[in-house]
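Coordinate inspection notes
Below are the chains, spelled out letter by letter.
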Amino acid sequence: MLIIPVKDGESIDRALKKYKRKFDKTGTIRALRSRQQFNKPSVVKRQANVKAAHKQRLLSKEEQA
């Protein structure tokens, strides 16, 4: 349960923005979406390797330029 302290005179929009930011940080939605479909550990590892290789390529291009 998320608790958002709201100060006197603070607008509801600001409180809602705080709530959304705190909710995103908890990662509830990401966890829920990842549980909807089972991915084999080997597939997850392969995706992580591909992502890391892509990131490394971008960094090396940035250093060369």
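Right, let's walk through the structure included here.

Reading guide: rules and limits
- Residues numbered from 1 in each chain as written.
- Predicted model: local features only at pLDDT ≥ 70, side-chain atom pairs only at ≥ 80, totals over all residues.
- Heavy atoms only, no water.
- Helix = DSSP H or I, 4+ residues; strand = E, 2+ residues; numbered from the N terminus.
- Rg over C-alpha atoms; globule rule 2.2 N^0.38 Å.
- Buried < 20%, exposed > 50% of the residue type's maximum accessible area, 1.4 Å probe, protein only.
- Areas by Shrake-Rupley, 256 points an atom, 1.4 Å probe, with all protein chains shown as cover.
- Lys, Arg positive; Asp, Glu negative; His and termini not counted.
- Charge placed at Lys NZ, Arg CZ, Asp CG, Glu CD.
- Patch = residues over 30% accessible without salt bridge, like charges linked within 9 Å, V, L, I, M, F, W, Y side chains within 5 Å.
- Salt bridge = Lys/Arg side-chain N within 4 Å of Asp/Glu carboxyl O.
- Phe/Tyr/Trp six-rings, centres within 6.5 Å; stacked < 30°, edge-to-face > 60°.
- Expected span 1.5 Å × (residues − 1).

Each helix and strand counted, the chain has three helices and zero strands in total. Here the chain has a C-alpha radius of gyration of 19 Å; the compact-globule value for 65 residues is 11 Å, and the former is much larger. With respect to the principal axes defined by its C-alpha atoms, the chain has extents near 50 × 40 × 15 Å. Counting all 65 residues of the chain, 5% fall into the buried class. Roughly 6,700 Å² of accessible area belongs to the chain as shown, and the carbon and sulfur atoms make up 56% of that amount. Across the chain, the mean location of the 18 positive side-chain charges is 11 Å away from that of the 6 negative side-chain charges.

This brings us to a positive patch on the surface. On the surface, Lys7, Arg14, Lys17, Arg21 and Lys25 cluster together to form a positively charged patch. Structurally, Lys7 can be placed in the segment before α1 (12-26).

Our next topic: the packing of aromatic side chains. Scanning all chains against the criterion turns up one aromatic pair. Ring geometry for Tyr19 and Phe23: centres 6.0 Å apart, planes at 20 degrees, overall stacked. Here Tyr19 pairs with Phe23, and both are found in helix α1, just four residues apart, close to one helical turn. Classification of Tyr19 by relative accessible area gives partly exposed; the value is 35%. Assessed through its relative accessible area of 25%, Phe23 is described here as partly exposed.

Here the focus is the pattern of salt bridges. Close approach of charged atoms allows side chains with opposite charge to pair. Inspection of every chain in the model, using the stated rule, returns one salt bridge. Lys18 is the salt-bridge partner of Glu10, the closest N and O atoms lying 3.1 Å from each other. Taking the relative accessible area as the measure of exposure, Glu10 reaches 19% and is therefore buried.

Under the 1.5 Å per step criterion, the end-to-end length of α1 is 21 Å for 15 residues, consistent within 8% with the ideal 21 Å. At the exit of α1 stands Gly27, carrying a positive phi of roughly 75 degrees.

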